[in-house]
Amino acid sequence: LDADTLTHIIVLAQEHRDYVRQHTHYPVDDSFFHPEDGSIWTAKSMDRNPATGEYLMFASYGSSAHTFTANKPKKENTFLPTTGSLKKAVFKDHDDCNVFFQQSTNTWVDMQIMFELYSAVGLNASKVKKYCDNVSNDTRRVVSVRTSSDGTNWTQDWGCADAHQKDEHCSTFNTAAMVTPCDCPDDPPDLEFYRIRAFTLGASGRVAGHALDYVPSPHAVVYSPGYGRQPLWYCSEGCCHGPHSYEEWWIGPSSGNVANMSEWRRSYKDTHAVSHDIWLMAQPVTTTTQHVWVDSGKVRIPSTRCCCTKRMCAYACTTY
């Protein structure tokens, strides 16, 4: 592997750590990092402009999204907040931001997880979720998109039809700019999309993604001490934040533009992208012959030239 690719793999591996305090020149007092409301800094996603070597990283703090940049980072203290301050966010939304650099338009794209009201699509919220969920039982996580030319100034969620989006809660929706469960027998009625990582399939220009499926879980699970995604100092008796289901392969728009939300296809709903309890936290690094994933804190190199599953690989390889 060349030096730039190795650097990219190392940076992705470091994404699993708490970047924000370690990689900035903006130290602040402990009360800011450990507030009484339980907010914590969490690195969310990152991508690179291959032409310039610039990285853009998203990190969340409560419902505030922050972006950081670095150019070919090879040491600590190189990621700097794009707003000039840790206390100034780029926008307020749900904390799952999924960044992708769209080379064809020289644009940063955030495949943003947003909240959709069941009532807005004609579903009876009281009959959908059988178990409690930390985003409330009248709402589900779906995928929309934001775009930016500089990584600092972003559009609002394209799936939010409100005149001005204030945070993660919208009252009207543009479903053409969202990927949602099908609301049909092919999907569990309470399915949600927790995270998605879009990536380019080698030199083909085609795009694919792996999305993390999620469903609420029984009370006996989420209220068990020591279980759950939230730290115990935040919620000692569970947060109604159940386990994730599995990683699912998605096929992107034929144009290669990930922002064309209506053209994303979920052709492999029953195919697990990776083994049980393995999470693909980032998109792969693409070499001339392989896709290299960093997952669950480790580096994995699939033996196939394209992707991990035979059905997905058979489709993807035809685009080379």
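As shown above, the structure is provided for reference.
Conventions adopted
- Residues numbered from 1 in each chain as written.
- Predicted model: local features only at pLDDT ≥ 70, side-chain atom pairs only at ≥ 80, totals over all residues.
- Heavy atoms only, no water.
- Helix = DSSP H or I, 4+ residues; strand = E, 2+ residues; numbered from the N terminus.
- Buried < 20%, exposed > 50% of the residue type's maximum accessible area, 1.4 Å probe, protein only.
- Contact = heavy atoms within 4.5 Å.
- Polar contact = N/O pair within 3.5 Å; in protein donor to acceptor, adjacent residues only side chain to side chain.
- Core = buried A, V, L, I, M, F, W, Y, C linked by side-chain atoms within 4.5 Å.

Enquirer: Please provide a residue-by-residue account of the overall build of the protein, values included.
Expert: If you tally the helices and strands in the protein, you get 6 helices and 16 strands. The burial tally for the protein puts 51% of its 320 residues in the buried class. For the protein, contacts bridging at least 24 residues in sequence account for 58% of all contacts bridging at least 6.

Enquirer: Lay out the side chain of arginine 266 with the relevant residues and their values.
Expert: Counting through the fold element by element, arginine 266 comes out in the loop between strand S13 (244-251) and strand S14 (285-286). Engagement of the side chain of arginine 266 in a polar contact is seen with the side chain of aspartate 187, the distance being 2.7 Å. Among the polar contacts made by the side chain of arginine 266, one reaches the side chain of glutamate 248 at a distance of 2.8 Å. Leaving out residues up to four positions away in the same chain, arginine 266 has contacts with Val179, Thr180, Pro181, Cys182, Asp187, Leu191, Phe193, Glu248 and Trp250.

Enquirer: Describe in detail unusual backbone geometry, supporting the description with residues and values.
Expert: Positive phi, normally seen in glycine, also occurs at asparagine 106, with a value near 55 degrees. Here asparagine 106 shows up in the loop between strand S6 (99-102) and strand S7 (107-110). Assessed through its relative accessible area of 48%, asparagine 106 is described here as partly exposed.

Enquirer: Account for the nonpolar core, naming residues and giving values.
Expert: In this structure, Met111, Val143, Val179, Trp250, Val258, Met261 and Trp264 are the most contacted members of the largest nonpolar core, which totals 18 residues. Secondary-structure elements contributing two or more residues to this core are strand S11 (192-200) and strand S12 (207-214). With 3 residues, S11 is the largest single contributor of residues to this core. With sequence-adjacent residues up to four places away left out, tryptophan 264 is seen in contact with Met111, Val179, Ala198, Ala208, Gly209, Trp250, Ile251, Gly252, Pro253 and Val258. Core analysis: the second largest hydrophobic core is formed by 11 residues, Leu201, Ala208, Ile251 and Ile278 among them.

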